Amino acid sequence: MLKILFDHMHGWARVSFFLAPIAIMGEALLDLQQPTLMARIVDVGLARKDMTYVWQTAILMAVIAVAAFALGAICNAFSSYAALKMGQNLRSHMLAIALADRDPQALKPETLITRITNDVTQMQTMVSMLTRGLIRSPMLLFGGIVMSMIVSPRLSWIVLIALPILAIYIYVVVRRSLPLYTAMQGQVDVMNRIMSENLTGAKTIKAYVLEDHQRTQFNTENHNLQQISQRAVLATVTLAPLIMLVLNLAVVAALAYGGNLAISGSMTTGEIMAFVNYMIQITTAMTNTVNLITTFSRAVTSSARVSAVLAEQAGTEATGTLVAPADSTIAFNHVTFGFSKSRPILDDINLTVPSGQWLGIIGSTGSGKTTLIALLTRLYEHYQGSITIGGTDIQKISLASLHKKITVALQNSLLFSGTVERNLDYGAPQATPAQLASGVAIASATEFIGTDYTAPVEEAGKNFSGGQRQRLNLARAIIPDPDILVMDDATSAVDQETNTAIQDALIKNRRNRSTIIISQRVPNIMDCDQIIVMQNGRITARGTHDELVKSSPFYAQLVQTQLGGEYLD
Ligand SMILES: Nc1ncnc2c1ncn2[C@@H]1O[C@H](COP(=O)(O)OP(=O)(O)OP(=O)(O)O)[C@@H](O)[C@H]1O
């Protein structure tokens, strides 16, 4: 955990982290002087009726109080700065890892959100408390014990009885409550997942009239959270009152026994007052230590969850520094890939798409078409065989250069909230108005967005229909003018007429661009230079449309179903 903290504190934040405890040490030392000075006012000043001594000591106490205040404030400022900077850096780092993660399944959004917000906040609280409390509380605790014994050695048995009782009780409570707090954090993750499913899937839930089912599921988990929280709270509910009870009993014992000693003349009033004050300091320090232990343990759980995210970095550090070659020939050489070792999703794929050619991919659902593109864009890298572009292994090409060369329009690409323009120039911030207009026209999006690109886009583009969203996505992929354009079922929700218009516009503007079209619609791919048929992770047939209708029963069947018998002749 400390490594995570240090790694995310730089410059002044790190200096502040070390200066804060020094300041608080000064504050604690000064605080420890006050009860002794108070005793002197009573025992020396008041007893001798020496008002000069009383005033001098009182002024000294006031100066010490102001100095302690200043040191406390300095410590707070330093520790807050260190905590805020650490949190800021850690959050940015985690988000960068999440964005760079090329396996979107690895980091689940709902747990990621709790980790970036809640868990980092826990760690920030711990940095503040660590710098303040880790030094101050033990100093006040042990300093208070030592000082109380020096000031009133005859009352020290009260401390020696009270403190072990408290220490044992605190140990038992903390041991019982810590696992419950850890379980609470896990349950918050579950709640976040259900909340996010309910909110994002609201339409589906309504369509299937599943409101009651979802409500029951939510209420069950909500009840579980309440139960765990209740058990955690119950485990600690007696702690603070017990500390107060022991303190009060100790004070009563000090007054009773100390009073006796005072009457017999073997102890002074000031010594009793100082002892009582030290007892208050000791119990306050104990309460703070308990809070520190709870915060610390929560932060330990949080840091384990945060470090699981940071560990993803090992898998996300992109290799490759080369610039993508000008030649766009794509080659898959004996590529085999699976999410688990037992089940290959792509099995010995061999494929060449010469520069500037069009490739059509058709096949059964789940046959690995999208995965093929995921490999080409380096979303997953643990495959056997090699993939090259222009003869260069794609793993040697920098991600930035690769993604400039290839753009992908997916079936369900996300639109970001903002304006149409912000979405269109996402991959090409320098695009000119003419380039934007050209991309929009090719994607047949002009009819519904017109030429005013300042129109608003709501969260996830929900103020557009499915087909309109796809056309905006397609425009976004075309605007950077990539050498290789991939369309993965990118027009599946678009009506037939618009689909044909898009096909025609793509052909008209093809220049020398390689294009890969994944589609279940034969008309979308039938004019491609090469078509591959995929089934169960393998390429089972390849050729032109005319060749495939003869050689592939699967393809011929699709043509028969979608276009009718005359296309088979
Ligand atoms: N992240 C993942 N983890 C585990 N399995 C996955 C993952 N992504 C895809 N798969 C599995 O890989 C197989 C191929 O999926 P892929 O999306 O490539 O198929 P597809 O041919 O594009 O299908 P469709 O036409 O339905 O879009 C499927 O069986 C799918 O269940």
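Overview of the structure. Please read these numbers as outputs of a predicted model, since none were measured by experiment.

## Focus on helix α5 (residues 156–200)
Every α-helical turn comprises 3.6 residues, leaving residues that sit three or four positions apart pointing alike.
Consideration 1: Compared with the 66 Å implied by 1.5 Å per residue over 45 residues, the 64 Å span of α5 between its first and last C-alpha is a close match.
Consideration 2: Along α5, the largest kink reaches about 25 degrees and is centred on S177; proline P179 follows within four residues of it.

## Overview of the site of the ligand
Consideration 1: Around the ligand lies a shell of 14 residues, among which R343, G366, K369, T370 and T371 are the nearest.
Consideration 2: Taking K369, its side chain carries an N or O atom lying 2.8 Å from an oxygen atom of the ligand.
Consideration 3: In this structure, T370 approaches the ligand through a side-chain N or O atom, which is 2.7 Å from an oxygen atom.
Consideration 4: The fraction of the free accessible surface of the ligand (640 Å²) that becomes covered by protein chains is 66%.
Consideration 5: A per-class count over the shell around the ligand returns three nonpolar, nine polar and two charged.

## Some points on the packing of aromatic side chains
Aromatic ring pairs are reported here in terms of the distance separating the ring centres and the angle at which the planes meet.
Consideration 1: This structure, assessed with the given rule, holds nine aromatic pairs.
Consideration 2: Ring centres of F6 and F17 lie 5.7 Å apart, and the angle between their planes is 90 degrees; this geometry places the pair in the edge-to-face category. Placement of F6 in helix α1 (residues 2–7) and of F17 in helix α2 (residues 12–48) is noted, with a sequence separation of 11 residues between them.
Consideration 3: Under the relative-accessibility criterion, F6 is labelled partly exposed at 25%.
Consideration 4: Its relative accessible area of 8% is what places F17 among the buried residues.
Consideration 5: A ring pair is formed by F339 and Y380, whose centres lie 5.0 Å apart and whose planes are at 85 degrees; its orientation type is edge-to-face.

## Observations concerning the layout of surface pockets
A probe as big as a water molecule, rolled over the atoms, marks out the empty space that is left.
Consideration 1: Counted as a void, the largest pocket has a volume near 2,100 Å³.
Consideration 2: Lining the largest pocket are 50 residues, with H403, V408, L410, F416 and Y426 sitting closest to its centre.
Consideration 3: Going through the elements one at a time, α3 (51–100), α4 (109–151), α11 (369–376), α12 (399–405), β6 (406–409) and α16 (466–478) are the ones with two or more residues in the lining of the largest pocket.
Consideration 4: Broken down by element, the residue count for the lining of the largest pocket peaks at six residues, all from α12.
Consideration 5: Both domains that meet at the lining of the largest pocket, namely domain 1 (88–316) and domain 2 (330–568), each give it at least three residues.

So, how was this worked out
- Residues numbered from 1 in each chain as written.
- Predicted model: local features only at pLDDT ≥ 70, side-chain atom pairs only at ≥ 80, totals over all residues.
- Heavy atoms only, no water.
- Helix = DSSP H or I, 4+ residues; strand = E, 2+ residues; numbered from the N terminus.
- Expected span 1.5 Å × (residues − 1).
- Bend = angle between axes of the 7 residues up to and from the residue.
- Near = heavy atom within 4 Å.
- Polar contact = N/O pair within 3.5 Å; in protein donor to acceptor, adjacent residues only side chain to side chain.
- Areas by Shrake-Rupley, 256 points an atom, 1.4 Å probe, with all protein chains shown as cover.
- Nonpolar A, V, L, I, M, F, W, Y, C, P; charged D, E, K, R; others polar.
- Phe/Tyr/Trp six-rings, centres within 6.5 Å; stacked < 30°, edge-to-face > 60°.
- Buried < 20%, exposed > 50% of the residue type's maximum accessible area, 1.4 Å probe, protein only.
- 1 Å grid on protein atoms, 1.4 Å probe; cavity = no way out; pocket = protein on both sides within 12 Å on 5 of 7 lines; lining within 4 Å.
- Points joined across faces, edges and corners; volume = space filled by probe spheres on them.
- Domains from an automatic or database assignment.

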